Amino acid sequence: ALTLRAFRALKLDYPSQVSLLAFDSPDWGDLVTPTLSVVRQPTYAIARKAWEFLIARMTGEATRVQREELLAEVVIRESALPPR
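Let me sum up the structure you'll find in this document. (Residues numbered from 1 in each chain as written. Predicted model: local features only at pLDDT ≥ 70, side-chain atom pairs only at ≥ 80, totals over all residues. Heavy atoms only, no water.)

**Describing the environment of Pro83**
For step 1, the next point in the chain: Following the sequence through the fold, Pro83 ends up in the segment after strand E3 (73–75).
For step 2, the next point in the chain: In this structure the C-alpha to C-alpha distance between Pro83 and Val32, which are 51 residues apart in sequence, comes to 22 Å. (Helix = DSSP H or I, 4+ residues; strand = E, 2+ residues; numbered from the N terminus.)

**Overview of the nonpolar core**
Side chains that are nonpolar tend, in soluble globular proteins, to be buried together.
For step 1, the next point in the chain: With eight residues, the main nonpolar core is built from Leu4, Phe7, Tyr14, Leu20, Ala22, Leu36, Val38 and Val75.
For step 2, the next point in the chain: Non-local contacts of Val75, meaning those with residues more than four positions away in its chain, are made with Ser37, Val38 and Arg40. (Core = buried A, V, L, I, M, F, W, Y, C linked by side-chain atoms within 4.5 Å. Buried < 20%, exposed > 50% of the residue type's maximum accessible area, 1.4 Å probe, protein only. Contact = heavy atoms within 4.5 Å.)

**Quick look at the sheet that holds E3**
For step 1, the next point in the chain: With respect to topology, three strands assemble into an open sheet ordered E1-E2-E3, the strand pairing being mixed. For this open sheet the edge positions go to strand E1 (21–23) and E3, each flanked by a neighbour on one side alone. Mean inter-strand twist for the sheet, computed between neighbouring axes without regard to direction, equals 20°.
For step 2, the next point in the chain: As judged from the three bridges shared by E1 and strand E2 (residues 37–40), these two strands associate in the parallel manner. The partner of Leu21 across the bridge, within E2, is Ser37. (Pairing = 2+ DSSP bridges. Axes fitted to C-alpha atoms, helices over the stretch in contact; angles between N-to-C directions.)

**Examining the environment of Ile46**
For step 1, the next point in the chain: Within the secondary structure, Ile46 sits in helix H2 (residues 43–58).
For step 2, the next point in the chain: Note on Ile46: relative accessible area 41%, which makes it partly exposed.
For step 3, the next point in the chain: Residues Ile46 and Glu69, 23 residues apart in the sequence, show an inter-C-alpha distance of 9.4 Å.

The structure is reproduced here in structure tokens:
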């Protein structure tokens with residue numbers, strides 16, 4: 001919402017002058033016009049993995065740094081246009 005206010009104050013038209021992409025899919029993202037493009041992060045999976053890593057470290061099952069890659073989903077809606 002803050003970015004949209006800044007666009008309005010600067011008289012920037014999105015998406016014709018600048019595309020807008022947000023993280024974590026805000027509840028209001030599909031209510032604004034143009035609808036908001038988002039990157040949906042796997043929040044539940046991130047929390048679950050962090051908890052699993054913490055428990056493994058606390059119980060001594062894991063002694064070294066672990067790495068896990070979780071995939072995000074990019075949802076392109078009306079607020080983002082392809083580059084010219």
